[in-house]
Amino acid sequence: MSGPDVSVVICVYTEDRWEDILAAVSSVRTQSYPALETLLVVDHNPALLDRLAKEYKEAEDVRVSANAGPRGLSAGRNTGIAAARGEVIAFLDDDAVAERDWLRHFAAAYADPLVMAVGGRTVPIWASGRRPAWFPEEFDWVVGCTYKGIPAGLVRVRNVLGGNASFRRTAFDAAGGFATGIGRDGDKRPLGCEETELCIRLSRARPDAVLLIDDRAVIHHRVPEAREHFGYFRTRAYAEGLSKALVARSVGADKGLESERRYATRVLPSGVVRGLRDAALSRPGGAGRAGAIVAGVLTAAGGYVVGTVRARRGGATFTVVDIRGERDG
């Protein structure tokens, strides 16, 4: 089968997701476009590392290794990048499963040599069996999924979303790896935006780079019951504001908040109007969705203000890793 060799990196950190991890790996192993390898990177959990090493001891297509950097998702991804042998490196969340043609759609896009990154569509699997009536689709990024407002089809974007994404290896040679100190660290405060910062940095290093989202490259992402509540919604929105402040500090507010301005001035007002209309028509959750959008915006804005003040005082920093040095060393 012609096309680039693709390495898939899955970062893991807790045995609580054991069955999810096995399902994620299985979904990669049954792709219509076979992966060159699956790399499981374990984030500072020796027990999980040992258990996975035993589970895949006989597997030639699965490799298990420890995060070689500081605790957190960014360093885990960088460890996977440094170890990967593929021309393209794809990332899959440890609590998600990919549809059978996921890698096929990614690989097809790289026929254009200017394409440096391709993301896909992430669909939520709600633990309760259905979306909470109050939870607005415009805020599905809160639970790591594709949100209402991202254009459909194969479209050019500023950044891909990290849990369902791929990059050409040369993208990391040009821009470095994921910044540590900005993304998630296990179950601690749910920070993010590490992929946004990387993509903006990549576009600066390679002005001709094309970054795409193909909504046919689908994964299904599990949303645990604890994340279906407003308390998590609020916490995640606040953390997003903190993260956006770091990104804006690094790359400038014009570029760092370019997509967010369109989202805040077009997508969210439409969502509020739609929620209020549903409430007027006595449809379930309409008022709750409108209220959640307003609360989410205000909470994220508060986080952004706090994060901006901290960044100016030098209290919030992150480090960009040179993947070339890690790989060559």
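Shown above is the structure to which this text applies.
Cut-offs and rules
Residue numbering note: each chain is counted from 1, following its sequence as written. Local features in a predicted model are, by the rule used here, given only for residues with pLDDT of at least 70; side-chain atom pairs are given and counted only at 80 or more, and totals for whole chains, interfaces and linings are based on all residues. Water and hydrogen atoms were dropped before computing side-chain values, which therefore reflect all heavy atoms in the structure. Per the convention used, a helix needs a DSSP run of H or I reaching at least four residues, while a strand needs a run of E reaching at least two, with both numbered from the N terminus. Accessible surface is estimated by sampling points in the Shrake-Rupley manner with a 1.4 Å probe; for residues, cover comes only from the protein chains shown. Only the six-membered ring of Trp is used, alongside the rings of Phe and Tyr, when aromatic pairs are assigned; centres must lie within 6.5 Å, and planes under 30 degrees apart are stacked while those over 60 apart are edge-to-face, with the rest tilted. Between buried and exposed lies partly exposed: a residue is buried under 20% and exposed over 50% of the maximum accessible area for its type, with that area taken using a 1.4 Å probe on protein chains only. Note on geometry: a ring has a charge over it if NZ (lysine) or CZ (arginine) is within 6 Å of the ring centre and within 35 degrees of the ring normal. Clockwise travel from the first strand over the helix to the second, with the strands pointing away from the viewer, marks a crossover as right-handed. Strand pairing is assigned whenever DSSP detects at least two bridges linking the two strands. Take the residue count of a helix, subtract one, and multiply by 1.5 Å to get its expected span. Salt bridges, as used here, are contacts in which a Lys or Arg side-chain nitrogen is within 4 Å of a carboxyl oxygen on Asp or Glu. Axis angles are defined between N-to-C directions and span 0 to 180 degrees, where every axis is a line fitted to C-alpha atoms and, for a helix, only to the segment in contact. Should an angle fall under 35 degrees it is called roughly parallel, over 145 degrees roughly antiparallel, and 65 to 115 degrees roughly perpendicular, with every other angle called oblique. Definitions for this section: a left-handed crossing has its near helix turned counterclockwise from the far helix by less than a right angle. A right-handed crossing has that turn clockwise. Note on definitions: a residue-residue contact is assigned when non-hydrogen atoms from the two residues lie within 4.5 Å. Buried Ala, Val, Leu, Ile, Met, Phe, Trp, Tyr and Cys residues that are joined via side-chain atoms within 4.5 Å together make up what is termed a nonpolar core.

Can you break down the overall build of the protein residue by residue, with the values?
Along the backbone of the protein there are eleven helices and nine strands. Surface accessibility of the protein: about 14,500 Å² in total, with carbon and sulfur atoms responsible for 52%.

I'd like a description of the packing of aromatic side chains, backed by residues and values.
Across all of its chains, the model carries 16 aromatic pairs by this definition. Ring centres of phenylalanine 167 and phenylalanine 172 lie 5.3 Å apart, and the angle between their planes is 50°; this geometry places the pair in the tilted category. One exposure class covers both phenylalanine 167 and phenylalanine 172, and it is buried. Where phenylalanine 172 meets phenylalanine 178, the ring centres are 6.2 Å apart and the plane angle is 45°; that geometry is what we call tilted. Each of the two residues, phenylalanine 172 as well as phenylalanine 178, counts as buried. Here the aromatic cluster, defined as three or more aromatic residues joined through ring pairs, consists of Trp126, Trp134, Phe135, Phe139, Trp141, Tyr147, Phe230, Phe233 and Tyr263. Note that arginine 51 overlies the ring of tryptophan 18, its terminal NZ or CZ placed 3.8 Å from the centroid.

Any details on unusual backbone geometry? Residues and values, ideally.
Non-glycine residue histidine 44 carries a positive phi angle of around 55°. By the secondary structure assignment, histidine 44 is in the loop between β2 (37-42) and α2 (46-55).

Help me get a handle on the pairing of β2, residues and values and all.
Burial analysis of β2 places six of its six residues in the buried class, the great majority of the element. Handedness of the β-α-β unit built from strand β1 (residues 6-12), helix α1 (residues 18-29) and β2 comes out right-handed. When β2 meets strand β3 (residues 62-66), the two strands line up parallel, connected through five bridges. The partner of leucine 40 across the bridge, within β3, is valine 64. You can see the chain leave β2, run along α2 and come back into β3, and the turn it takes is right-handed.

Now, about the pairing of strand β8 (residues 164-168): what can you tell me, with residues and values included?
With five of five residues buried, β8 is to be regarded as a mostly interior element. Of the two faces of β8, the one carrying Asn164, Ser166 and Arg168 and the one carrying Ala165 and Phe167 are both buried. Two elements, strand β4 (residues 88-92) and β8, share five bridges in a ladder whose sense is antiparallel. By the bridge assignment, phenylalanine 91 is partnered in β8 with alanine 165. Relative to β8, strand β6 (residues 115-126) is paired through three bridges, and the arrangement is antiparallel. Looking across to β8, one finds that valine 118 is bridged to serine 166.

If you had to explain helix α3 (residues 73-83) to someone new, which residues and values would you point to?
Across the eleven residues that make up α3, a large majority, nine, are buried. Within α3 the residues assigned to the buried category are Leu73, Ser74, Ala75, Gly76, Arg77, Asn78, Thr79, Gly80 and Ile81.

With reference to specific residues and values, describe α1.
With twelve residues, α1 should cover 16 Å at 1.5 Å per step; its first-to-last C-alpha distance of 17 Å lies within 8% of that length. Within α1 the residues assigned to the buried category are Trp18, Asp20, Ile21, Ala24, Val25, Ser27 and Val28.

Just give me the short version of the pattern of salt bridges, but keep the residues and values in it.
In total, this model carries 20 salt bridges according to the counting rule given. Of the charged contacts in the structure, one is a salt bridge between aspartate 95 and arginine 17, with a shortest N-O distance of 3.4 Å. Placement of the pair is aspartate 95 in the loop between β4 and β5 (96-98) and arginine 17 in the loop between β1 and α1, with a sequence separation of 78 residues. An identical accessibility class is assigned to aspartate 95 and arginine 17; each is buried.

Quick one: what's the story with the packing of α1 against α2, residue by residue and with numbers?
Where α1 contacts α2, the axes come no closer than 13 Å and their chain directions differ by 40°. If you check the angle between α1 and α2, you find them oblique. When you trace α1 past α2, the crossing you get is right-handed. For the pair formed by α1 and α2, the contact residues are Trp18, Ile21 and Leu22 on the first element and Leu48, Arg51, Leu52 and Glu55 on the second.

Mind laying out the nonpolar core, listing which residues take part and the relevant values?
In globular proteins that are soluble, nonpolar side chains generally tend to be buried together. Ranked by internal contacts, the top residues of the largest apolar core, which has 34 residues, are Val8, Ile10, Leu40, Leu52, Leu92 and Trp102. Those residues in contact with leucine 40, other than ones at most four positions away along the chain, are Ile10, Val12, Ile21, Val25, Leu52, Tyr56, Val62, Arg63, Val64 and Ser65. Judged by nonpolar contacts, the second largest core, of 27 residues, contains Ile81, Ala84, Phe167 and Leu211.

Fair warning: the whole summary comes from geometry, so function is off the table for now.
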